[in-house]
Amino acid sequence: MEGSPALDAAALELLEALESLQQRRHLLSQLLREGWLSLSQARYSLGCHRVSSLQYGATIVPRVRVLPRAAAAPGSPRKRGCAPPPGPPDPLSWFGVLVPPSLRQAQSSFIQGVTVAVELAGLQGEVAAAVTRYRTLLRRHRHPHGDTQTAGTPGDTESRGDTEGTGDTETLGDSETVGDRGTLGDTETLGDTETAGDTKTTDAEGATETPGAAVTSGATGTG
Amino acid sequence: MRGGSFRVGRPVAVPVSAMSGRGKLIAVLGDEDTVTGFLLGGVGELDKHRKPNFLVVEKETSLAEIEETFRGNRGSVGADTPPPPPPPRPGRSFLNREDIGIILISQCLAELIRHAVEAHARPLPAVLEIPSKERPYDPSKDSVLRRARGLFTPDDLR
(Lines give C-alpha, C1' and ligand atoms only; values in the text may rest on other atoms or scores of the structure.)
Protein backbone atom coordinates (compact mmCIF):
# COMPACT_ATOMS: atom_id res chain seq x y z
CA MET A 1 0.00 0.00 0.00
CA GLU A 2 1.28 3.43 -0.79
CA GLY A 3 2.12 5.40 2.22
CA SER A 4 1.62 9.04 2.66
CA PRO A 5 4.50 11.08 4.01
CA ALA A 6 2.13 13.68 5.34
CA LEU A 7 0.11 11.08 7.18
CA ASP A 8 3.23 9.51 8.62
CA ALA A 9 4.50 12.88 9.75
CA ALA A 10 1.17 13.66 11.38
CA ALA A 11 1.20 10.32 13.15
CA LEU A 12 4.70 10.95 14.41
CA GLU A 13 3.81 14.40 15.64
CA LEU A 14 0.84 13.03 17.48
CA LEU A 15 2.91 10.35 19.14
CA GLU A 16 5.58 12.84 20.12
CA ALA A 17 2.97 15.17 21.52
CA LEU A 18 1.49 12.35 23.55
CA GLU A 19 4.90 11.44 24.85
CA SER A 20 5.69 14.99 25.91
CA LEU A 21 2.33 15.14 27.55
CA GLN A 22 3.00 11.98 29.48
CA GLN A 23 6.40 13.17 30.66
CA ARG A 24 5.03 16.45 31.88
CA ARG A 25 2.17 14.72 33.62
CA HIS A 26 4.58 12.51 35.44
CA LEU A 27 6.50 15.55 36.58
CA LEU A 28 3.36 17.30 37.73
CA SER A 29 2.28 14.28 39.76
CA GLN A 30 5.66 14.22 41.40
CA LEU A 31 5.59 17.91 42.24
CA LEU A 32 2.08 17.69 43.64
CA ARG A 33 3.00 14.74 45.83
CA GLU A 34 6.00 16.62 47.18
CA GLY A 35 3.84 19.64 47.78
CA TRP A 36 1.17 17.70 49.64
CA LEU A 37 3.78 15.99 51.74
CA SER A 38 5.37 19.30 52.65
CA LEU A 39 1.97 20.72 53.56
CA SER A 40 1.39 17.78 55.89
CA GLN A 41 4.75 18.39 57.48
CA ALA A 42 3.95 22.06 57.88
CA ARG A 43 0.69 21.12 59.52
CA TYR A 44 2.60 18.91 61.90
CA SER A 45 4.90 21.79 62.77
CA LEU A 46 2.30 24.50 63.07
CA GLY A 47 -0.71 22.58 64.19
CA CYS A 48 -3.67 21.22 62.25
CA HIS A 49 -5.72 24.35 62.04
CA ARG A 50 -2.85 26.61 61.16
CA VAL A 51 -2.57 25.30 57.63
CA SER A 52 -6.03 25.36 56.14
CA SER A 53 -8.40 27.42 54.08
CA LEU A 54 -9.16 29.40 57.23
CA GLN A 55 -5.85 31.14 56.76
CA TYR A 56 -6.54 32.41 53.26
CA GLY A 57 -6.35 36.16 53.07
CA ALA A 58 -9.56 38.17 52.84
CA THR A 59 -8.26 39.62 49.65
CA ILE A 60 -5.94 37.76 47.33
CA VAL A 61 -4.12 39.24 44.41
CA PRO A 62 -2.90 36.80 41.81
CA ARG A 63 0.84 36.56 41.35
CA VAL A 64 0.73 34.37 38.28
CA ARG A 65 -1.22 34.78 35.10
CA VAL A 66 -1.24 33.02 31.81
CA LEU A 67 -0.74 34.72 28.50
CA PRO A 68 -2.31 33.20 25.45
CA ARG A 69 0.50 32.55 23.04
CA ALA A 70 -0.96 34.80 20.39
CA ALA A 71 -0.78 37.71 22.74
CA ALA A 72 2.89 37.28 23.49
CA ALA A 73 4.67 39.12 20.70
CA PRO A 74 7.98 37.55 19.78
CA GLY A 75 9.82 40.78 20.22
CA SER A 76 8.33 41.64 23.53
CA PRO A 77 10.98 42.58 26.01
CA ARG A 78 11.81 39.91 28.48
CA LYS A 79 12.82 41.56 31.67
CA ARG A 80 15.19 38.91 32.79
CA GLY A 81 17.33 39.42 35.78
CA CYS A 82 16.25 42.94 36.55
CA ALA A 83 14.58 43.60 39.85
CA PRO A 84 10.86 43.13 39.43
CA PRO A 85 8.59 45.81 40.79
CA PRO A 86 7.07 45.03 44.17
CA GLY A 87 4.25 42.70 43.40
CA PRO A 88 1.26 41.30 45.18
CA PRO A 89 1.77 39.97 48.70
CA ASP A 90 3.23 36.53 49.15
CA PRO A 91 0.56 34.06 50.29
CA LEU A 92 3.14 32.54 52.57
CA SER A 93 2.54 35.50 54.85
CA TRP A 94 -0.96 34.24 55.64
CA PHE A 95 0.62 31.58 57.76
CA GLY A 96 2.63 33.83 60.01
CA VAL A 97 5.85 35.72 60.10
CA LEU A 98 8.05 32.74 60.80
CA VAL A 99 6.95 29.87 58.65
CA PRO A 100 8.50 26.45 58.83
CA PRO A 101 10.80 25.38 56.00
CA SER A 102 8.28 22.69 55.09
CA LEU A 103 5.78 25.38 54.17
CA ARG A 104 8.33 27.17 52.04
CA GLN A 105 9.15 23.88 50.43
CA ALA A 106 5.47 23.29 49.74
CA GLN A 107 5.25 26.68 48.09
CA SER A 108 8.27 25.93 45.96
CA SER A 109 6.79 22.65 44.78
CA PHE A 110 3.52 24.26 43.91
CA ILE A 111 5.16 27.18 42.12
CA GLN A 112 6.92 24.66 39.93
CA GLY A 113 3.63 22.80 39.68
CA VAL A 114 1.96 25.90 38.28
CA THR A 115 4.65 26.19 35.63
CA VAL A 116 4.27 22.56 34.61
CA ALA A 117 0.49 22.85 34.63
CA VAL A 118 0.70 25.73 32.17
CA GLU A 119 2.94 23.64 29.94
CA LEU A 120 0.50 20.79 30.16
CA ALA A 121 -2.41 22.96 29.16
CA GLY A 122 -0.45 23.99 26.09
CA LEU A 123 0.55 20.43 25.32
CA GLN A 124 -3.02 19.26 25.60
CA GLY A 125 -3.93 21.79 22.95
CA GLU A 126 -1.11 20.44 20.81
CA VAL A 127 -2.34 16.89 21.20
CA ALA A 128 -5.88 17.88 20.32
CA ALA A 129 -4.65 19.71 17.23
CA ALA A 130 -2.45 16.78 16.24
CA VAL A 131 -5.39 14.39 16.61
CA THR A 132 -7.51 16.53 14.34
CA ARG A 133 -4.74 16.87 11.77
CA TYR A 134 -4.10 13.16 11.74
CA ARG A 135 -7.77 12.31 11.42
CA THR A 136 -8.22 14.72 8.57
CA LEU A 137 -5.24 13.33 6.72
CA LEU A 138 -6.33 9.79 7.42
CA ARG A 139 -9.74 10.50 6.00
CA ARG A 140 -8.25 12.04 2.90
CA HIS A 141 -5.92 9.14 2.55
CA ARG A 142 -8.71 6.63 2.64
CA HIS A 143 -11.06 8.51 0.38
CA PRO A 144 -8.49 9.69 -2.00
CA HIS A 145 -8.83 11.52 -5.23
CA GLY A 146 -6.86 8.65 -6.61
CA ASP A 147 -7.06 5.23 -5.04
CA THR A 148 -4.45 3.10 -3.49
CA GLN A 149 -4.62 0.02 -5.64
CA THR A 150 -4.93 0.72 -9.32
CA ALA A 151 -2.07 2.63 -10.75
CA GLY A 152 -2.92 3.15 -14.38
CA THR A 153 -6.15 5.05 -14.62
CA PRO A 154 -5.80 8.73 -13.90
CA GLY A 155 -9.45 9.44 -14.19
CA ASP A 156 -10.51 6.78 -11.79
CA THR A 157 -12.43 8.20 -8.92
CA GLU A 158 -13.63 4.96 -7.50
CA SER A 159 -12.66 4.74 -3.90
CA ARG A 160 -11.15 1.41 -3.11
CA GLY A 161 -10.03 2.28 0.27
CA ASP A 162 -11.78 1.42 3.43
CA THR A 163 -15.40 0.89 2.52
CA GLU A 164 -16.56 1.12 6.07
CA GLY A 165 -16.26 4.82 5.99
CA THR A 166 -13.58 6.19 8.12
CA GLY A 167 -13.40 3.18 10.31
CA ASP A 168 -11.84 4.87 13.24
CA THR A 169 -13.73 6.21 16.13
CA GLU A 170 -14.70 9.65 15.09
CA THR A 171 -15.41 11.69 18.06
CA LEU A 172 -17.50 14.50 16.77
CA GLY A 173 -16.93 17.84 18.24
CA ASP A 174 -13.31 17.98 17.26
CA SER A 175 -13.72 20.14 14.24
CA GLU A 176 -11.84 22.95 15.88
CA THR A 177 -8.14 22.83 15.51
CA VAL A 178 -7.74 23.31 19.14
CA GLY A 179 -4.12 24.17 19.22
CA ASP A 180 -4.20 26.94 16.73
CA ARG A 181 -6.01 29.59 18.57
CA GLY A 182 -5.43 30.86 21.98
CA THR A 183 -2.86 28.33 22.97
CA LEU A 184 -1.66 29.06 26.40
CA GLY A 185 2.01 29.17 26.73
CA ASP A 186 3.28 32.00 28.81
CA THR A 187 3.20 32.30 32.50
CA GLU A 188 3.27 35.84 33.72
CA THR A 189 4.59 36.23 37.19
CA LEU A 190 3.90 39.38 39.07
CA GLY A 191 6.49 40.58 41.49
CA ASP A 192 9.02 38.34 43.03
CA THR A 193 8.70 34.62 42.84
CA GLU A 194 11.13 32.61 44.79
CA THR A 195 11.79 29.82 42.45
CA ALA A 196 13.68 27.74 44.88
CA GLY A 197 13.95 24.81 42.56
CA ASP A 198 14.21 24.34 38.89
CA THR A 199 11.74 22.79 36.58
CA LYS A 200 13.37 19.74 35.17
CA THR A 201 12.82 19.91 31.46
CA THR A 202 13.69 16.75 29.69
CA ASP A 203 13.33 17.67 26.08
CA ALA A 204 16.18 18.14 23.72
CA GLU A 205 16.46 21.87 23.65
CA GLY A 206 17.52 22.07 27.20
CA ALA A 207 16.53 24.68 29.70
CA THR A 208 18.06 28.07 30.01
CA GLU A 209 17.57 29.22 33.52
CA THR A 210 17.50 32.89 34.24
CA PRO A 211 17.46 34.30 37.74
CA GLY A 212 14.00 35.13 38.84
CA ALA A 213 12.26 33.61 35.87
CA ALA A 214 10.51 30.31 35.68
CA VAL A 215 11.14 28.58 32.42
CA THR A 216 8.28 26.58 31.14
CA SER A 217 7.79 24.49 28.09
CA GLY A 218 4.57 25.08 26.33
CA ALA A 219 3.33 24.25 22.91
CA THR A 220 3.57 26.45 19.89
CA GLY A 221 0.32 25.05 18.63
CA THR A 222 0.39 26.84 15.37
CA GLY A 223 -1.13 24.81 12.62
CA MET B 1 5.17 17.57 5.28
CA ARG B 2 5.78 19.44 8.40
CA GLY B 3 9.44 20.05 8.68
CA GLY B 4 11.68 19.73 11.65
CA SER B 5 11.27 17.90 14.87
CA PHE B 6 8.35 18.65 17.08
CA ARG B 7 9.13 21.95 18.69
CA VAL B 8 8.05 22.87 22.13
CA GLY B 9 7.85 26.56 22.73
CA ARG B 10 9.54 28.28 25.63
CA PRO B 11 7.42 30.84 27.31
CA VAL B 12 9.19 32.68 30.04
CA ALA B 13 7.58 34.08 33.11
CA VAL B 14 7.66 37.81 32.62
CA PRO B 15 7.63 39.94 35.73
CA VAL B 16 4.95 42.48 35.13
CA SER B 17 3.88 45.36 37.24
CA ALA B 18 0.84 44.54 39.30
CA MET B 19 -1.11 47.27 37.57
CA SER B 20 -0.82 45.69 34.19
CA GLY B 21 -3.25 42.86 34.89
CA ARG B 22 -2.44 41.26 31.58
CA GLY B 23 -2.98 37.62 31.17
CA LYS B 24 -5.67 35.29 32.34
CA LEU B 25 -6.15 33.57 35.62
CA ILE B 26 -5.61 29.96 36.55
CA ALA B 27 -8.64 28.57 38.37
CA VAL B 28 -8.53 25.60 40.75
CA LEU B 29 -11.16 23.11 41.91
CA GLY B 30 -9.83 20.61 44.40
CA ASP B 31 -9.51 19.49 47.96
CA GLU B 32 -8.23 21.88 50.59
CA ASP B 33 -4.58 20.93 50.33
CA THR B 34 -4.60 21.15 46.55
CA VAL B 35 -6.16 24.58 46.61
CA THR B 36 -3.94 25.77 49.46
CA GLY B 37 -0.93 24.59 47.53
CA PHE B 38 -1.85 26.33 44.31
CA LEU B 39 -2.74 29.48 46.20
CA LEU B 40 0.73 29.39 47.72
CA GLY B 41 1.86 29.06 44.14
CA GLY B 42 0.27 32.41 43.43
CA VAL B 43 -2.75 31.66 41.27
CA GLY B 44 -5.51 32.77 43.60
CA GLU B 45 -7.70 35.81 43.24
CA LEU B 46 -10.18 36.91 45.82
CA ASP B 47 -11.85 40.23 46.14
CA LYS B 48 -15.24 41.24 47.34
CA HIS B 49 -16.44 42.33 43.95
CA ARG B 50 -15.90 39.09 42.16
CA LYS B 51 -16.21 35.40 42.65
CA PRO B 52 -12.99 33.68 43.61
CA ASN B 53 -11.15 31.67 40.98
CA PHE B 54 -10.89 28.68 43.27
CA LEU B 55 -13.19 26.28 45.06
CA VAL B 56 -12.23 24.10 48.00
CA VAL B 57 -14.26 20.93 47.68
CA GLU B 58 -14.93 19.07 50.89
CA LYS B 59 -17.13 16.16 51.81
CA GLU B 60 -20.03 18.52 52.40
CA THR B 61 -19.70 20.28 49.06
CA SER B 62 -22.66 19.48 46.87
CA LEU B 63 -22.38 18.18 43.36
CA ALA B 64 -24.57 21.05 42.26
CA GLU B 65 -22.14 23.57 43.67
CA ILE B 66 -19.21 21.93 41.93
CA GLU B 67 -20.97 21.95 38.62
CA GLU B 68 -22.28 25.46 39.16
CA THR B 69 -18.77 26.71 39.82
CA PHE B 70 -17.32 24.87 36.86
CA ARG B 71 -19.84 25.68 34.18
CA GLY B 72 -23.10 26.88 35.64
CA ASN B 73 -25.89 24.45 36.10
CA ARG B 74 -27.28 24.40 32.64
CA GLY B 75 -27.11 20.69 32.27
CA SER B 76 -29.27 18.18 34.04
CA VAL B 77 -27.43 16.44 36.79
CA GLY B 78 -30.43 14.38 37.71
CA ALA B 79 -34.16 14.64 37.75
CA ASP B 80 -34.32 15.19 41.45
CA THR B 81 -31.28 17.38 41.88
CA PRO B 82 -32.02 20.27 44.18
CA PRO B 83 -31.46 23.67 42.60
CA PRO B 84 -27.97 25.01 43.18
CA PRO B 85 -27.49 27.45 46.03
CA PRO B 86 -27.44 31.06 44.85
CA PRO B 87 -23.86 32.19 44.38
CA PRO B 88 -22.55 34.30 47.25
CA ARG B 89 -21.31 36.91 44.83
CA PRO B 90 -22.71 37.64 41.42
CA GLY B 91 -20.59 36.21 38.68
CA ARG B 92 -20.17 33.54 36.14
CA SER B 93 -18.88 30.05 36.32
CA PHE B 94 -15.24 29.38 35.47
CA LEU B 95 -16.00 28.20 31.95
CA ASN B 96 -17.98 31.32 31.22
CA ARG B 97 -15.45 33.82 32.51
CA GLU B 98 -13.26 35.40 29.90
CA ASP B 99 -10.58 36.17 32.42
CA ILE B 100 -9.80 32.53 33.17
CA GLY B 101 -7.34 30.79 30.90
CA ILE B 102 -6.80 27.45 32.61
CA ILE B 103 -8.97 25.44 34.96
CA LEU B 104 -7.19 22.93 37.16
CA ILE B 105 -9.59 20.32 38.41
CA SER B 106 -8.89 17.21 40.43
CA GLN B 107 -9.70 14.24 38.29
CA CYS B 108 -12.02 12.75 40.89
CA LEU B 109 -14.11 15.92 40.71
CA ALA B 110 -13.98 15.87 36.94
CA GLU B 111 -15.40 12.36 37.15
CA LEU B 112 -18.36 13.64 39.16
CA ILE B 113 -19.19 16.17 36.47
CA ARG B 114 -17.79 14.23 33.53
CA HIS B 115 -20.69 15.21 31.27
CA ALA B 116 -19.88 18.87 31.80
CA VAL B 117 -16.17 18.35 31.19
CA GLU B 118 -16.80 16.33 28.04
CA ALA B 119 -19.15 18.97 26.72
CA HIS B 120 -16.45 21.60 26.82
CA ALA B 121 -14.88 21.74 23.39
CA ARG B 122 -13.52 25.28 23.20
CA PRO B 123 -9.76 25.74 23.37
CA LEU B 124 -10.09 28.27 26.16
CA PRO B 125 -10.28 27.94 29.02
CA ALA B 126 -8.07 24.86 28.94
CA VAL B 127 -9.24 22.23 31.38
CA LEU B 128 -6.49 20.25 33.02
CA GLU B 129 -7.35 17.21 35.10
CA ILE B 130 -4.91 16.73 37.93
CA PRO B 131 -4.40 13.95 40.44
CA SER B 132 -5.73 14.26 43.95
CA LYS B 133 -4.15 13.06 47.14
CA GLU B 134 -6.36 10.00 47.26
CA ARG B 135 -6.38 9.08 43.60
CA PRO B 136 -3.52 9.14 41.16
CA TYR B 137 -4.18 10.50 37.71
CA ASP B 138 -5.74 7.99 35.37
CA PRO B 139 -5.17 8.75 31.69
CA SER B 140 -8.00 6.49 30.61
CA LYS B 141 -10.49 8.85 32.22
CA ASP B 142 -9.08 12.06 30.83
CA SER B 143 -11.46 13.78 28.41
CA VAL B 144 -8.69 15.17 26.24
CA LEU B 145 -6.89 11.86 25.87
CA ARG B 146 -10.07 10.02 25.07
CA ARG B 147 -10.25 11.88 21.81
CA ALA B 148 -6.93 10.36 20.85
CA ARG B 149 -8.15 6.85 21.51
CA GLY B 150 -8.74 4.36 18.78
CA LEU B 151 -6.70 6.34 16.31
CA PHE B 152 -4.23 3.66 15.46
CA THR B 153 -6.02 0.48 14.61
CA PRO B 154 -4.54 -2.53 12.81
CA ASP B 155 -6.52 -1.48 9.72
CA ASP B 156 -4.74 1.84 9.60
CA LEU B 157 -1.36 0.25 9.60
CA ARG B 158 -2.14 -2.27 6.91
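Residues numbered from 1 in each chain as written. Chains lettered and ligands numbered in written order. Predicted model: local features only at pLDDT ≥ 70, side-chain atom pairs only at ≥ 80, totals over all residues. Heavy atoms only, no water.

(A) Here's a closer look at the overall build of chain A. The number of helices and strands found in chain A is 2 helices and 3 strands. Traced from its N-terminal end to its C-terminal end, chain A shows the element sequence α-β-α-β-β. In chain A, of all internal contacts separated by at least 6 residues, the share reaching a separation of at least 24 is 82%. Roughly 10800 Å² of accessible area belongs to chain A as shown, and the carbon and sulfur atoms make up 56% of that amount. (Helix = DSSP H or I, 4+ residues; strand = E, 2+ residues; numbered from the N terminus. Contact = heavy atoms within 4.5 Å. Areas by Shrake-Rupley, 256 points an atom, 1.4 Å probe, with all protein chains shown as cover.)

(B) Examining the pattern of salt bridges more closely. One pass over the structure, following the stated rule, counts 16 salt bridges over all chains. For A:Arg25, the salt bridge is made with B:Asp142, and the minimal N-O distance between the two is 3.4 Å. Of the two residues, A:Arg25 is situated in helix α1 (residues 5-46) and B:Asp142 in the loop between β5 (126-130) and α5 (143-146); the pairing between them involves two chains. Exposure remark for A:Arg25: the relative accessible area of 8% places this residue in the buried category. Where B:Arg146 meets B:Glu118, a salt bridge forms, and the shortest distance between an N and an O atom there is 3.5 Å. Placement of B:Arg146 in helix α5 and of B:Glu118 in helix α4 (residues 114-119) is noted, with a sequence separation of 28 residues between them. Look at the salt bridges and you will find they share partners, linking B:Glu45, B:Arg50, B:Arg97 and B:Asp99 into a network. (Salt bridge = Lys/Arg side-chain N within 4 Å of Asp/Glu carboxyl O. Buried < 20%, exposed > 50% of the residue type's maximum accessible area, 1.4 Å probe, protein only.)

(C) Geometry of the nonpolar core. If you look at the biggest cluster of nonpolar residues, it comprises 57 residues, and the most contacted ones within it are A:Leu103, B:Ile26, B:Phe38 and B:Leu104. Mapped onto this core, the elements with two or more residues apiece are α1, β1 (64-68) and α2 (101-142) of chain A together with β2 (25-30), α1 (32-40), β3 (54-56), β4 (100-106) and β5 of chain B. If you tally residues by element for this core, the top one is α2(A), at 15 residues. The contact partners of B:Leu104, leaving out residues within four places of it in the chain, are A:Ala117, B:Ile26, B:Ala27, B:Val28, B:Leu29, B:Phe38, B:Leu128 and B:Ile130. Residues B:Leu25, B:Phe70, B:Phe94 and B:Ile103 belong to the second largest nonpolar core, which totals 18 residues. (Core = buried A, V, L, I, M, F, W, Y, C linked by side-chain atoms within 4.5 Å.)

(D) Structural context of the sheet that holds β4(B). All names here are of chain B. Here we have 4 strands laid out as an open sheet, ordered β3-β2-β4-β5, and parallel in their pairing. This sheet does not close on itself; its edge strands, each paired only once, are β3 and β5. When strand polarity is set aside, the average angle formed by the axes of neighbouring strands in this sheet is 20°. Strand direction decides the pairing type here: β2 and β3, joined by 3 bridges, are parallel. Residue pairing in the sheet places Val28 in a bridge with Phe54 of β3. (Pairing = 2+ DSSP bridges. Axes fitted to C-alpha atoms, helices over the stretch in contact; angles between N-to-C directions.)

(E) Main features of the confidence of the model for chain A. All names here are of chain A. Residues of chain A with pLDDT of at least 70 account for 56%, and the chain-wide mean is 70. Between the elements of chain A, mean pLDDT differs from a low of 39, seen in strand β3 (residues 218-219), to a high of 94, seen in α1. Confidence drops under a pLDDT of 50 for residues 71-83, and excluding neighbours within four residues, the segment shows 8 contacts in the predicted structure. Across residues 150-182, where pLDDT falls below 50, the model places 58 contacts with residues more than four positions away in sequence or in other chains. (pLDDT = per-residue confidence, 0-100.)

(F) Molecular detail of α1(A). The end-to-end C-alpha distance of α1(A) is 61 Å, a good match for the 62 Å that 42 residues give at a rise of 1.5 Å each. Positive phi appears at A:Gly47, one or two residues downstream of α1(A), with a value of about 110°. (Expected span 1.5 Å × (residues − 1).)

(G) Summary view of the packing of α1(A) against α2(A). All names here are of chain A. Here α1 crosses α2 at 160°, and the two axes come no closer than 7 Å. Between α1 and α2, the angle is such that the two are roughly antiparallel. Between α1 and α2 lies a crossing of left-handed hand. Residues that form the contact of α1 with α2 fall into these classes: 29 nonpolar, 12 polar and 6 charged. (Parallel < 35°, antiparallel > 145°, perpendicular 65-115°, else oblique. Left-handed = near helix turned anticlockwise from the far one by under 90°. Nonpolar A, V, L, I, M, F, W, Y, C, P; charged D, E, K, R; others polar.)

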